[in-house]
Amino acid sequence: MTETQADPRKEDEGTAVEAGSKATERFTASGKLAPLDVPKERVSLLAGALIKAANDIVVEHEVTYEEYNALKAWLIKVGTDGEWPLFLDVWLEHTVEDVNSQDRPGTVGTIEGPYYVPGSPVLQTPATVEMREDEEGTPLHFSGRFTDTDGNPIQNAQVEIWHADSAGFYSQYAPGLPDWLFRGTVKADDDGRFVINTMRPAPYQIPTDGACGQLISAAGWHAWRPAHIHIKVSAPGFQPVTQQLYFPGDPHNADDIASAVKPELMLDPKPRTDGPAGEEVVYDYVLAKEGQHK
Ligand code: MBD
Ligand code: FE
């Protein structure tokens, strides 16, 4: 674990309970809440395996009643803080993503995390995502091209982008930000090309004042994710990819709390050469056709 870096935010801004319960509300409203659709055989297999793994841990580590009761209290707090989406996306989703993307050729994915909001404003390329007047930070000119696995341009592709601001806050999950700040759905042109003007996000500390933060401090871990841009790309007839892009040199690329960094997801931003301040970076997308596998 590296040293915790200075939090650019003021103390007490944006509480866990707020961010966590918004993610819970959104998940509940999203229609993904149909866990009873899992076939009985799979429920029995998976729940049985999870229960056995927990029992094995009790035996192996001689778990005390004090520890058992601490676990019970903590699990209750995860629910009352609305942090189940945060907890699962930080500590489990990366493995679910790995297992489910192994067979898909093309650009690699990583976890979605708890802060995606569908239906962001649709923008034609070249696009600029919503920002405030005098938005602080480093402007980032992000461009790329969509091709299939044979190198042919893809029609009607889109990039959904969402990320934190230069202080580490996500719109709709922190108070006082415009709803669609740093969120947009950018339509590529007929040649598969897109341009998105945005700003470099800050590293992100997961909320420290809820159940997940309590676990992190009780265990002596850190709460940081490296700076990242969330992306969902899609095009008719192709398999969508959900991923995140990272910046070289971030101290938390090597110890992301959410284990979601992959070398293929590292950007290579350079100072802009064509006048405007800021950085430019190119990242191209190769999508697999529906049904295509390695
Ligand atoms: C985030 O911004 C995030 O991307 C993940 C995975 C977890 C918590 C906050
Ligand atoms: Fe994030």
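Small disclaimer: the values here were computed from a predicted structure and weren't measured.

1. With respect to the packing of aromatic side chains
Enumeration over the complete set of coordinates arrives at 15 aromatic pairs. A ring pair is formed by Trp 74 and Phe 87, whose centres lie 5.4 Å apart and whose planes are at 70°; its orientation type is edge-to-face. Here Phe 87 lies in helix α4 (residues 84-91) and Trp 74 lies in helix α3 (residues 65-80), a separation of 13 residues in the sequence. The cationic tip of Lys 232 hangs over the ring face of Tyr 116; the distance from NZ or CZ to the ring centre is 4.6 Å.

2. As for the UniProt feature "domain: Catechol dioxygenase N-terminal" (unreviewed entry) in the protein chain
Taking the UniProt record as the reference, the feature "domain: Catechol dioxygenase N-terminal" (unreviewed entry) is found at residues 41-104. With 83% helix and 0% strand, residues 41-104 has end C-alpha atoms that lie 27 Å from one another.

3. Observations regarding the UniProt feature "domain: Intradiol ring-cleavage dioxygenases" (unreviewed entry) in the protein chain
The UniProt record annotates "domain: Intradiol ring-cleavage dioxygenases" (unreviewed entry) at residues 111-287. Secondary structure within residues 111-287 divides into 5% helix and 33% strand; the distance between the first and last C-alpha atoms comes to 17 Å.

4. Some details on helix α2 (residues 40-60)
Compared with the 30 Å implied by 1.5 Å per residue over 21 residues, the 30 Å span of α2 between its first and last C-alpha is a close match. The first or second residue beyond α2 is Glu 62, which carries a positive phi of 45°.

5. Details of the site of ligand 1
Every residue close to ligand 1 is listed here: Leu 86, Val 90, Ile 111, Gly 113, Pro 114, Tyr 115, Tyr 170, Tyr 204, Ile 206, Arg 225, His 228 and His 230. Take Tyr 170: an N or O atom from its side chain is 2.9 Å from an oxygen atom of ligand 1. Taking Arg 225, its side chain carries an N or O atom lying 2.8 Å from an oxygen atom of ligand 1. Contact with the protein chains covers 99% of the free accessible surface of ligand 1, which is 260 Å². Broken down by secondary-structure element, the contributors of at least two residues to the shell around ligand 1 are α4 and β9 (228-234). Residue composition of the shell around ligand 1, grouped by class: eight nonpolar, three polar and one charged.

6. Thoughts on the pattern of salt bridges
The final tally for this structure, using the stated rule, is 14 salt bridges. With its nearest N and O atoms 3.0 Å apart, the salt bridge here joins Arg 145 to Asp 191. Note that Arg 145 is positioned in strand β3 (residues 139-148) and Asp 191 in the loop between β5 (183-187) and β6 (193-199), a separation of 46 residues in sequence. The salt bridge partner of Arg 272 is Asp 274, with a shortest N-O separation of 3.0 Å. Salt bridges linked by common partners bring Glu 97, Asp 98 and Lys 262 together as one network.

The rules behind the values
Residues numbered from 1 in each chain as written. Chains lettered and ligands numbered in written order. Predicted model: local features only at pLDDT ≥ 70, side-chain atom pairs only at ≥ 80, totals over all residues. Heavy atoms only, no water. Phe/Tyr/Trp six-rings, centres within 6.5 Å; stacked < 30°, edge-to-face > 60°. Helix = DSSP H or I, 4+ residues; strand = E, 2+ residues; numbered from the N terminus. Lys NZ or Arg CZ within 6 Å of the ring centre and 35° of its normal. UniProt positions renumbered as here; feature names shortened; annotations may be inferred. Expected span 1.5 Å × (residues − 1). Near = heavy atom within 4 Å. Polar contact = N/O pair within 3.5 Å; in protein donor to acceptor, adjacent residues only side chain to side chain. Areas by Shrake-Rupley, 256 points an atom, 1.4 Å probe, with all protein chains shown as cover. Nonpolar A, V, L, I, M, F, W, Y, C, P; charged D, E, K, R; others polar. Salt bridge = Lys/Arg side-chain N within 4 Å of Asp/Glu carboxyl O.

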